[in-house]
Amino acid sequence: VKTVMLCPGIFSPYPRCNYYSSELTEQLKYVLVVGVTGGGDEGKGTMIRNTIGMVSGLPPDCKCHYVICNNEEGHRMEMMHCWEKFCAIISSMPQTGPEGFEGNLRKFFRLWVEDTKNMRLGEVGGKVKQLDPGLLSRLSGKTTLDKIKKQYSWGSFGAALDKLQVAIDALHEDLSTNYNKFT
């Protein structure tokens, strides 16, 4: 995890190998991507930023389960609550439009990773007590939702976006309240 945080941009969307085909994932039961956060200088922002990158790696037309696992070695309850709020964003992804749930998820996370990939440990790490408001909007997904409404006409999804907006607001609230204060 430290390597990831010291090398921002490592989760940039990348072109798949020339020979990538969704059939390559047909024989797999799952693809597991693991992120580890410990104590030290890793807090909520570090976990969320890294998890955004892990989800954005979902291969197109993956034929097996794509599993994200956060190994939170500090066993901090506040991290689990933040993780649950993040998962609510995934669950709230609209299933409308021509690309359905998976396409919308991939598109949203492609933009979200662009908004967060250059965040440094000094900006989101465990020693930070309060996030900068602009950084908070990018990390919580608010900026991404605004962009995707404009760039991809998600504003036309109407009420289908309400649940996603509520989930993003909940993560925003969690990241802005008692940031990195653990019991």
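Check the entry above for the structure.
This write-up is about the structure you can find in this document. (Residues numbered from 1 in each chain as written. Predicted model: local features only at pLDDT ≥ 70, side-chain atom pairs only at ≥ 80, totals over all residues. Heavy atoms only, no water.)

Attention now moves to the overall build of the protein. When its secondary structure is counted, the protein shows 8 helices and 2 strands. Start at the N end of the protein and walk to the C end: the helices and strands fall as α-β-α-β-α-α-α-α-α-α. The buried share among the 183 residues of the protein stands at 45%. Within the protein, counting contacts between residues at least 6 apart in sequence, those at least 24 apart form 78% of the total. Carbon together with sulfur atoms contributes 54% to the accessible area of the protein, which is approximately 9,600 Å² in total. (Helix = DSSP H or I, 4+ residues; strand = E, 2+ residues; numbered from the N terminus. Buried < 20%, exposed > 50% of the residue type's maximum accessible area, 1.4 Å probe, protein only. Contact = heavy atoms within 4.5 Å. Areas by Shrake-Rupley, 256 points an atom, 1.4 Å probe, with all protein chains shown as cover.)

What follows covers the pattern of salt bridges. Taken as a whole and judged by the stated rule, the model has 6 salt bridges. Residue lysine 147 is joined to aspartate 115 by a salt bridge in which the shortest nitrogen-to-oxygen separation is 2.4 Å. Of this pair, lysine 147 sits in helix H7 (residues 142-151) while aspartate 115 sits in helix H4 (residues 100-116), and the two are 32 residues apart along the sequence. Relative accessible area serves as the criterion here: at 6%, aspartate 115 is assigned to the buried category. Residue aspartate 169 pairs with lysine 142 through a salt bridge whose shortest N-O separation is 2.8 Å. Taken as a pair, aspartate 169 in helix H8 (residues 162-176) and lysine 142 in helix H7 lie far apart in primary sequence, 27 residues in all. Owing to a relative accessible area of 31%, aspartate 169 belongs among the partly exposed residues under this scheme. (Salt bridge = Lys/Arg side-chain N within 4 Å of Asp/Glu carboxyl O.)

With that out of the way, let us pick up the packing of aromatic side chains. Throughout the structure, instances matching the rule amount to 8 aromatic pairs. Ring geometry for tryptophan 83 against phenylalanine 86: centres 6.2 Å apart, planes inclined by 20 degrees, an arrangement best described as stacked. Taken together, the residues tryptophan 83 and phenylalanine 86, both in helix H3 (residues 77-91) and 3 residues apart, mark about one turn of the helix. Owing to a relative accessible area of 22%, tryptophan 83 belongs among the partly exposed residues under this scheme. Given the relative accessible area of 1%, phenylalanine 86 is considered buried. Centroid distance phenylalanine 86 to tryptophan 112: 5.7 Å. Interplanar angle 25 degrees. Geometry classified as stacked. (Phe/Tyr/Trp six-rings, centres within 6.5 Å; stacked < 30°, edge-to-face > 60°.)

Geometry only, nothing functional implied.
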